[in-house]
Amino acid sequence: MPPFDSSNSSQSDSPQQSKRLADILKPSTCPACAHHVAVPFYDGGRQPLTTLAWPLSTAEARTMKRLPLSFVRCVDCGHVYNQDFHYDEVPYSEKPNLMFNQGILWKEHLNTVCELILKRLPANPVVIEIGCGEGHLLRALAKARPEGRYVGFDPNGTIETQGGLIEAYNELFLPEKHMGIYKPDMIISRHVLEHLMNPLGFVQTLSFTAGWLALDTQLFIEVPCIDRVFETGRTADFFYEHNSNFTVTSLTRLLERCALSVDDVQTSYDNEVVFGLAQLGLNTTQKAITQEALAFQAQYTTSFHNIQKNLDMLHQTGQAFAIWGGTGKASAFINQYHLDAERFPLVVDSDPDKVGTYVPGMGQRIESVSILVETPVDTIIIATQWRANDIILEMQAKGIRAESILIEYKGHLIDCMKDPNPYIKQSTLSALSYS
């Protein structure tokens, strides 16, 4: 068979091309940038834990549980991650994930990091390190600037405080709890993000919390860097405990999606690690959305009670009612405000396919709108405001009348034909002979 020639391609090639696309397209949310398309990268089969399972015998080592190494790569930021990773498979709470800090070149790297951080700190800083291990970096910072407060969180290891030089807590760091208590000038997280299911979400939480509490908090993140993997083809970087494998680009993208500003991203230790400095906080859009959401939440509490009162008063009048709309958003309205079948038994719908079915949750039988011609009601409640114009024009066409037509608007039930609202068009009012 001759090589594939695109000039001679035809529809007969489509199944082969579709199969190839199905092989390479891996819908999966990137832990670094949240892009949802990835492609295959490295399938290491099933392998045991390598850093957090310390077998004490040959037999134990050989019978360790084997877990899938199904690494894919985000096509947007280049991040490499295990799409089959599950945090519960890794015993972080039982065994420490210790780093060897005694290598000559590694010590030089740590000194560089320490000096960089010190330049960013105020005279009397509060510094928190998340996943501080045995506390090496925190102790170095405390010795260099003893006027500050240095707090380490790590649930997995024994933190050496060196006689109270630093504070140590063997527990998880909770942004919503601890940031308000300590009000840190800087948060440090080194070689932690690669272990998390959702590093993007974690850093976004840090940034939101800092903004919400109006803290002036910087962030220092350091993770292993796999950029050299693409030059060398090595595979030793990919093991189960490292769910995320960062490139310079993917760490930069993560910080850009989380922080108020990204001040610096660079590699170190012969390009084997990458770190970034960023300013945590909320931007103008995030603040506005947060305020809008909280205002809606507060408004809903009031609106719910108002509309419940409106419905109770209507029921007490003894009028005949019909609810127009019985499924979808209409059903949501009926259930939300508990328009029960005992007080509001009549539900109609414009869609003949829905007639004879029942309102989910409340159980009224959905009737044809023609019943309102034969048996008029005093009040019609339109459960879906966005369809009000169509419903009113349908009423006109079918000769359906009612004393009032109610919709929900700004926390009350209003008569949409008499009270100002954004739903009823002037053309509808002009077309309807309403009495």
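Structure: see above.
1. Observations concerning the overall build of the protein
Next up, step 1: Along its length, the protein carries 13 helices and 18 strands.
Next up, step 2: If one aligns the C-alpha atoms of the protein with their principal axes, the spans along those axes are about 90 × 75 × 45 Å.
Next up, step 3: Expressed as a percentage of the 435 residues in the protein, the buried residues total 45%.
Next up, step 4: Taking the contacts inside the protein whose residues are at least 6 apart along the sequence as the reference set, 63% of them involve residues at least 24 apart.
Next up, step 5: Per element, the accessible surface of the protein, about 22500 Å² overall, is 53% carbon and sulfur.
Next up, step 6: The protein carries 35 positive and 49 negative side-chain charges, and their two centres are separated by 1 Å.

2. Points about the pattern of salt bridges
Next up, step 1: Overall, the coordinates contain 15 salt bridges when judged by the stated rule.
Next up, step 2: The salt bridge partner of Arg139 is Glu134, with a shortest N-O separation of 2.8 Å.
Next up, step 3: Its relative accessible area of 11% is what places Arg139 among the buried residues.
Next up, step 4: A relative accessible area of 25% means that Glu134 is categorised as partly exposed.
Next up, step 5: Here Lys418 ties to Asp415 by a salt bridge, and the two come within 4.0 Å at their closest N and O atoms.
Next up, step 6: Through salt bridges with shared partners, one network takes in Arg228, Arg234, Asp237, Asp270 and Glu272.

3. Some thoughts on the state of the cysteines
Every disulfide links exactly two cysteines, by a covalent bond between their sulfur atoms.
Next up, step 1: In the structure shown here, the tally under the stated rule is 0 disulfides.
Next up, step 2: Lacking any disulfide linkage, Cys74 is separated from the closest cysteine sulfur, that of Cys33, by 3.7 Å.
Next up, step 3: The thiol sulfur of Cys77 is not disulfide-bonded, and the nearest other cysteine sulfur, from Cys33, lies at 3.7 Å.
Next up, step 4: You can call Cys77 buried: its relative accessible area is 4%.

4. Details of the nonpolar core
Next up, step 1: By size, the foremost hydrophobic cluster in this structure holds 39 residues, and its most contacted members are Ile128, Phe173, Ile187, Leu206, Leu219 and Leu254.
Next up, step 2: Ranked by residue count, the leading element in this core is helix H6 (residues 199-212), at 5 residues.
Next up, step 3: When sequence neighbours within four positions are dropped, the list of residues in contact with Phe173 reads Ile128, Ile130, Phe153, His178, Met179, Ile187 and Leu206.
Next up, step 4: Within the second largest apolar cluster, 21 residues are counted, among which are Ile380, Ile382, Ile407 and Ile414.

5. Quick word on the layout of surface pockets
Next up, step 1: Within this model, the second largest pocket holds a volume of roughly 220 Å³.
Next up, step 2: Every residue lining the second largest pocket is listed: Phe296, Gln299, Tyr300, Ser303, Gln336, Tyr337, Gln385, Glu408, Tyr409, Lys410, Gly411 and Tyr423.
Next up, step 3: Among the elements that line the lining of the second largest pocket, the one with the most residues is helix H9 (residues 284-316), at 4 residues.
Next up, step 4: For the lining of the second largest pocket, the per-class residue count stands at 5 nonpolar, 5 polar and 2 charged.

Procedures and definitions
- Residues numbered from 1 in each chain as written.
- Predicted model: local features only at pLDDT ≥ 70, side-chain atom pairs only at ≥ 80, totals over all residues.
- Heavy atoms only, no water.
- Helix = DSSP H or I, 4+ residues; strand = E, 2+ residues; numbered from the N terminus.
- Buried < 20%, exposed > 50% of the residue type's maximum accessible area, 1.4 Å probe, protein only.
- Contact = heavy atoms within 4.5 Å.
- Areas by Shrake-Rupley, 256 points an atom, 1.4 Å probe, with all protein chains shown as cover.
- Lys, Arg positive; Asp, Glu negative; His and termini not counted.
- Charge placed at Lys NZ, Arg CZ, Asp CG, Glu CD.
- Salt bridge = Lys/Arg side-chain N within 4 Å of Asp/Glu carboxyl O.
- Disulfide = S-S within 2.5 Å.
- Core = buried A, V, L, I, M, F, W, Y, C linked by side-chain atoms within 4.5 Å.
- 1 Å grid on protein atoms, 1.4 Å probe; cavity = no way out; pocket = protein on both sides within 12 Å on 5 of 7 lines; lining within 4 Å.
- Points joined across faces, edges and corners; volume = space filled by probe spheres on them.
- Nonpolar A, V, L, I, M, F, W, Y, C, P; charged D, E, K, R; others polar.

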